[in-house]
Amino acid sequence: MDRLRIRGGLPLHGEVPISGAKNAALPELCAALLSAEPLTLRNVPRLRDVATMRTLLEGMGVQVRTHGERGGMTLQAREPLQPLAPYELVKTMRASILVLGPLLARCGRARVSLPGGCAIGSRPVDQHIKGLQAMGAEITVEHGYIEARLAAGRTRLRGARITTDMVTVTGTENLMMAATLAEGETVLENAAQEPEVVDLAELLIAMGARIEGHGSSRIHIQGVPALRGAEHTVVADRIEAGTFLCAVAAAGGQAWLRGARADHLDAVVDKLLAAGVQVQAQPDGMGVASPGGAALRAQSFRTTEYPGFPTDMQAQFMALNCVAQGPSAVTETIFENRFMHVQELVRLGAQIRIDGRTAFVEGGQRLSGATVMATDLRASASLVIAALVAEGETVVERIYHLDRGYDQMERKLRALGADIERIA
Ligand SMILES: CC(=O)N[C@H]1[C@@H](OP(=O)(O)OP(=O)(O)OC[C@H]2O[C@@H](n3ccc(=O)[nH]c3=O)[C@H](O)[C@@H]2O)O[C@H](CO)[C@@H](O)[C@@H]1O
Ligand SMILES: C=C(OP(=O)(O)O)C(=O)O
């Protein structure tokens, strides 16, 4: 199993290209199921989750071809399709649930394994199911599978007004994709406003979907009988960019994040500026300069839905707070169990106490290298950031979590001057 060996203490200098967003690419790959015509995506990141999604779609009969240097991928979902997502693939990637809406809309039936729990919380999909039922689907859950089909006598889903109990990102995406081919209008209330939802909506519109209000909490979708092929460039990964911002902030140095979208990172940038980091927004990327974590002021924050502070940046910013001066309180409101990195950060010398949904971080600690274990994707990133500032050598184990969602992270960090290598 691959591990990362990191020798801390070096500042980061240089330029790093920001890849396409995992959380936009995954639903966009699923959007290929909505049309018989080819869908071409550019800037698809090289990630394990993308490879898993490709295998899943190919198993259904979708033809997939990669091309060019810049993450080009063309998908074509000609009939007949096999509308099945088996447990073996779904268990490794929760985003597999994103095939449910498109399959039901296109094939009139779907059999999708329940994703099950994972390291950060129970993550139910009841809102996806409730929304599709409101659109006329008959859904049962049996033997760990969601069995969904159109009600007898129907050939298409029907539009509906759906208010989800909470803001759900993949729930919004699943229902929006299903609604593009439904009969009549669907209104999604309490919709997620994340940039990845907006990017997916823009792709669907290019495919001929009639969508308005994406980026707000109410999305209107007027169903159409069929969608066509399209070309689309996946939006830059705001979480990858935010991770590099925190890495430079903690390690010190100066970097240019090519292609990063500052307008998608307001909440994180506000906290970095308050901490004493210099962040510069340009149309084609972001500049960051920092005197190093020990010269910064720790910042308290709570995670919320976009445009609030992203839960996917909580662990990385907490690593920064461990070395920055002063106490801070980090409150996680989205997932009930997203503090798995805390005990590993403590192994590196951090002082953190958890009380319910809040982690109280002492700050101003000198970290020292140790062997630590990655437990989930962003926990892994936080350990890498901590290791970059820790004295001596850190080995991060189980980095397959990191490979799920970061495109060659160690190569990018090495290009910035970090002493980091992958070892078997
Ligand atoms: C592939 C992808 O895009 N993943 C992102 C997506 O995950 P994902 O879409 O799974 O997260 P959700 O926005 O759905 O989850 C938000 C909250 O709602 C709960 N919930 C959700 C759906 C449902 O049917 N029932 C229910 O109770 C979840 O358990 C969680 O507590 O948004 C999360 C929140 O920004 C991010 O951390 C993930 O990186
Ligand atoms: C939790 C995450 O991803 P996923 O929803 O794919 O598990 C993440 O990207 O941090």
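Just so it is clear, the model here is predicted, and its values are computed rather than measured.

### Some points on the pairing of strand 4 (residues 63-67)
Line of reasoning, step 1. Pairing between strand 4 and strand 5 (residues 72-76): 5 bridges, direction antiparallel. Directly across from V64, in strand 5, lies its bridge partner L75.
Line of reasoning, step 2. Remark: 4 residues form the turn of the hairpin made by strand 4 and strand 5, two consecutive strands paired antiparallel; G68 in that turn has positive phi of roughly 75°.

### Quick look at the site of ligand 1
Line of reasoning, step 1. If you check the shell around ligand 1, you find 20 residues, and the closest are N23, Q127, T168, V169 and T170.
Line of reasoning, step 2. Of all the secondary-structure elements, those providing two or more residues to the shell around ligand 1 are helix 1 (22-31), helix 5 (126-134) and helix 6 (169-180).
Line of reasoning, step 3. Split by domain, the residues of the shell around ligand 1 number at least three in each of domain 1 (3-18 + 236-423) and domain 2 (22-233).

### As for the domain arrangement of the protein chain
Line of reasoning, step 1. Each assigned domain of the protein chain is listed with its residue range as follows: domain 1 (3-18 + 236-423) and domain 2 (22-233).
Line of reasoning, step 2. In this structure, domain 1 and domain 2 have C-alpha centres spaced 31 Å apart.
Line of reasoning, step 3. With 19 residues of domain 1 at the interface, the matching set in domain 2 holds 14 residues.
Line of reasoning, step 4. Counting residues per element, the side of domain 1 that touches domain 2 draws most heavily on helix 13 (residues 400-405), at 4 residues.

### What about unusual backbone geometry?
Line of reasoning, step 1. For the peptide bond that leads from E79 to P80, omega is -5°, which places it in the cis range.
Line of reasoning, step 2. Within the secondary structure, P80 is located in the loop between strand 5 and strand 6 (84-85).
Line of reasoning, step 3. The amide bond that connects Y306 to the next residue, P307, takes the cis arrangement and shows omega of 10°.
Line of reasoning, step 4. For P307, the location among the structural elements is in the loop between strand 18 (301-302) and helix 10 (314-323).
Line of reasoning, step 5. A positive phi is found at Q408, a non-glycine position, where the angle reads about 55°.
Line of reasoning, step 6. Among the structural elements, Q408 can be located in the loop between helix 13 and helix 14 (409-415).
Line of reasoning, step 7. The partly exposed category is assigned to Q408, around which 16 C-beta atoms lie within 10 Å.

Criteria and cut-off values
- Residues numbered from 1 in each chain as written.
- Chains lettered and ligands numbered in written order.
- Predicted model: local features only at pLDDT ≥ 70, side-chain atom pairs only at ≥ 80, totals over all residues.
- Pairing = 2+ DSSP bridges.
- Helix = DSSP H or I, 4+ residues; strand = E, 2+ residues; numbered from the N terminus.
- Near = placed C-beta within 6 Å.
- Domains from an automatic or database assignment.
- Contact = placed C-beta atoms within 7 Å.
- Buried ≥ 20, exposed ≤ 12 C-beta atoms within 10 Å, placed from the backbone.

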